[in-house]
Amino acid sequence: AGFIKSPLSQKRLTQDSVELYCEAIGSPIPEIQWWFEGNEPNETYAQLWDGARQDRVKINATYNLHSTSTIYIANLTSDDSGMYECRASNDPDRNHLSKSPKVKWIRSQANVFVIERPDIKAQVNDVSGKLILTCNMTEPYPDIKGHEWMHGDKILQADTETSAFTSYIIEGKMEEHSGVYECVYKTSPVIKGQVNISVPPQVMAYKKSEHGNEGDTGVLTCKNPSFPPVNSWAWYKNGQEVSAPINNGSGRYIIKSSDNKTELRILKLNIEEDAGDYRCNATNSHGFGAATVNLRVRSRLAALWPFLGIVAEVLVLVTIIFIYEKRRKPDEVLDGKRCLGKSNATNHKDKNVRQRNAN
């Protein structure tokens with residue numbers, strides 16, 4: 001038995017992609033092949049293979065307990081419209097050039113319709129402190145049942161209007177709202193346009209001031225939350241020439257950078273050489289930006305100062321107690337002798353009285 005698990009009829013736009021999935025069960029495990037028949041009147045079925053159609057076709061198959069196969073077609077064109085057929089067979093003569101297979105190929109089909117993608121004119125205008133994002137779909141276009149505006153996975157606005165024009169207003173400056181916005185037309189299939197709010201890098205230091213101990217590794221970090229991403233990062237130490245940036249891997253410096261973040265590591269910090277201000281510069285297609293990080297390097301003994309302060313306080317306190325106790329001892333000894341003498345005298349007096357009474 002063989003069957004396609006994907007929908008039996010799919011609509012796609014040009015430049016989109018489509019994926020079909022097929023399973024086959026049998027003993028021995030059957031082979032799966034993919035075939036295609038176009039919409040032209042005289043066109044017949046032709047077998048598809050991995051890498052066909054200028055490498056736009058990808059076929060993956062696994063044969064474990066049962067057969068599974070997936071066909072993926074990228075960057076669809078109108079010529080990709082037609083009937084896709086999954087064929088499965090485990091007959092030994094299934095691929096023989098002259099013999100017909102005893103068991104016919106089991107077939108399952110799915111129809112793919114590729115619709116010409118309408119052109120969407122998208123733009124952004126800055127008017128009196130407001131950003132007005134607009135999308136306008138050119139004719140011809142399918143039936144529209146509404147619109148959505150999205151930023152990432154977040155839906156910003158939705159309506160049920162059928163117009164080919166849609167807009168979204170943002171309060172604030174472009175630097176505060178840069179990024180990729182999408183206008184989504186609720187059609188079949190869904191059609192999306194893209195509006196980019198692009199600004200120079202808005203570089204920020206992760207911490208404006210960093211601390212490190214002498215001999216340890218110092219880490220300075222800058223990030224860029226704006227769009228488009230940074231093309232190149234560069235680090236400088238204040239007081240050095242702009243034409244002499246810190247080179248990655250030179251001396252004790254290690255630099256790790258990505259589209260939106262850069263990190264400078266300084267190995268074996270030195271108080272005299274490494275303390276000071278460092279500047280991270282970022283460049284993208286719309287300009288450049290920079291931020292400054294101050295690095296403070298502490299001596300290895302710096303961590304001992306609080307402990308030494310506590311020890312000094314304890315020593316002073318013990319000394320004060322010792323002196324106070326030493327001054328009090330002579331008076332206490334005299335008081336003790338007086339009490340002892342008085343007690344002995346009383347005892348002797350009582351003893352004499354008892355002796356006289358006994359006589």
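Located above this text is the structure these notes cover.
Worth saying up front: this structure is predicted, and the values here are computed from it rather than measured.

Turning next to the sheet that holds strand β11 (residues 130-137). Strand pairing in a sheet is mediated by backbone hydrogen bonds. Such pairs are either parallel or antiparallel. Read across the open sheet, the three strands follow the order β10-β11-β14; overall the sheet is antiparallel. Strands at the two margins of the open sheet, each flanked by one partner only, are β10 (120-127) and β14 (165-171). Averaged over all neighbouring strand pairs, the angle between strand axes comes to 15 degrees, with direction disregarded. Pairing of β10 with β11 involves eight bridges; the strand directions are antiparallel. Within β11, the residue paired with I120 across the bridge is M137.

A few words on the sheet that holds strand β23 (residues 276-284). The strand order across the open sheet formed by four strands is β18-β24-β23-β20, and the pairing between neighbours is mixed. The open sheet has two free edges, formed respectively by β18 (209-213) and β20 (232-237), since each of these has just one partner strand. On average, each strand axis in the sheet is tilted by 25 degrees relative to the strand beside it, whichever way the strands run. Here six bridges tie β20 to β23, and the two strands are oriented antiparallel to one another. When the bridges of β23 are listed, W235 appears paired with C280.

This part covers a nonpolar patch on the surface. A contiguous nonpolar patch, built from F307, L308, V311 and L315 and spanning about 370 Å² of accessible area, is present on the exposed surface. Examined against the element boundaries, V311 turns out to sit in helix α3 (residues 304-358).

Along the chain, G251 turns up in the loop between β20 and β21 (253-257). With a relative accessible area of 76%, G251 lands in the exposed category.

Under the counting rule described, the total for this entry stands at twelve salt bridges. D274 serves as the salt-bridge partner of R252, at 2.9 Å between the closest nitrogen and oxygen. Of the two residues, R252 sits in the loop between β20 and β21 while D274 sits in helix α2 (residues 271-274), which places them 22 residues apart along the sequence. Residue E263 pairs with R265 through a salt bridge whose shortest N-O separation is 2.9 Å. Several salt bridges share partner residues, and in doing so they unite R53, R56 and D80 into one network.

Our next topic: the state of the cysteines. For the structure on display, the rule yields three disulfides. The disulfide bridge from C22 ends at C86, spanning 1.9 Å between sulfur atoms. Around the S-S axis, the bridge from C22 to C86 shows a dihedral of about -65 degrees and counts as left-handed. A residue pair is termed long-range when its members are at least 10 positions apart, and C22 in strand β3 (residues 18-24) and C86 in strand β8 (residues 82-89) qualify at 64 residues. Just as C22 is buried, C86 falls in that class too. Covalent S-S linkage joins C135 and C183, the inter-sulfur distance amounting to 2.0 Å. Because the torsion about its S-S bond is -85 degrees, the bridge between C135 and C183 counts as left-handed. You can see C135 sitting in strand β11 and its partner C183 sitting in strand β15 (residues 179-185), a full 48 residues away along the chain. Counting its disulfide-bonded cysteines in sequence order, the protein shows a connectivity of 1-2, 3-4, 5-6.

A negative phi angle is the norm for most residues apart from glycine, just as the trans form is the norm for most peptide bonds. The omega torsion of the bond from S27 to P28 falls at -5 degrees, within 30 degrees of zero and hence cis. Checked against the element boundaries, P28 lands in the loop between β3 and β4 (31-38). Here the amide bond leading from F227 into P228 is cis, since omega sits at 5 degrees, within 30 degrees of zero. Looking at the element boundaries, P228 is found in the loop between β19 (218-223) and β20. Positive phi is not limited to glycine here, since Q15 has a value of about 80 degrees. Mapped onto the fold, Q15 is located in the loop between β2 (9-13) and β3.

What counts, and at which threshold
Residues numbered from 1 in each chain as written. Predicted model: local features only at pLDDT ≥ 70, side-chain atom pairs only at ≥ 80, totals over all residues. Heavy atoms only, no water. Pairing = 2+ DSSP bridges. Helix = DSSP H or I, 4+ residues; strand = E, 2+ residues; numbered from the N terminus. Axes fitted to C-alpha atoms, helices over the stretch in contact; angles between N-to-C directions. Patch = residues over 30% accessible without salt bridge, like charges linked within 9 Å, V, L, I, M, F, W, Y side chains within 5 Å. Areas by Shrake-Rupley, 256 points an atom, 1.4 Å probe, with all protein chains shown as cover. Salt bridge = Lys/Arg side-chain N within 4 Å of Asp/Glu carboxyl O. Buried < 20%, exposed > 50% of the residue type's maximum accessible area, 1.4 Å probe, protein only. Disulfide = S-S within 2.5 Å.

Structural measurements only, silent on function.
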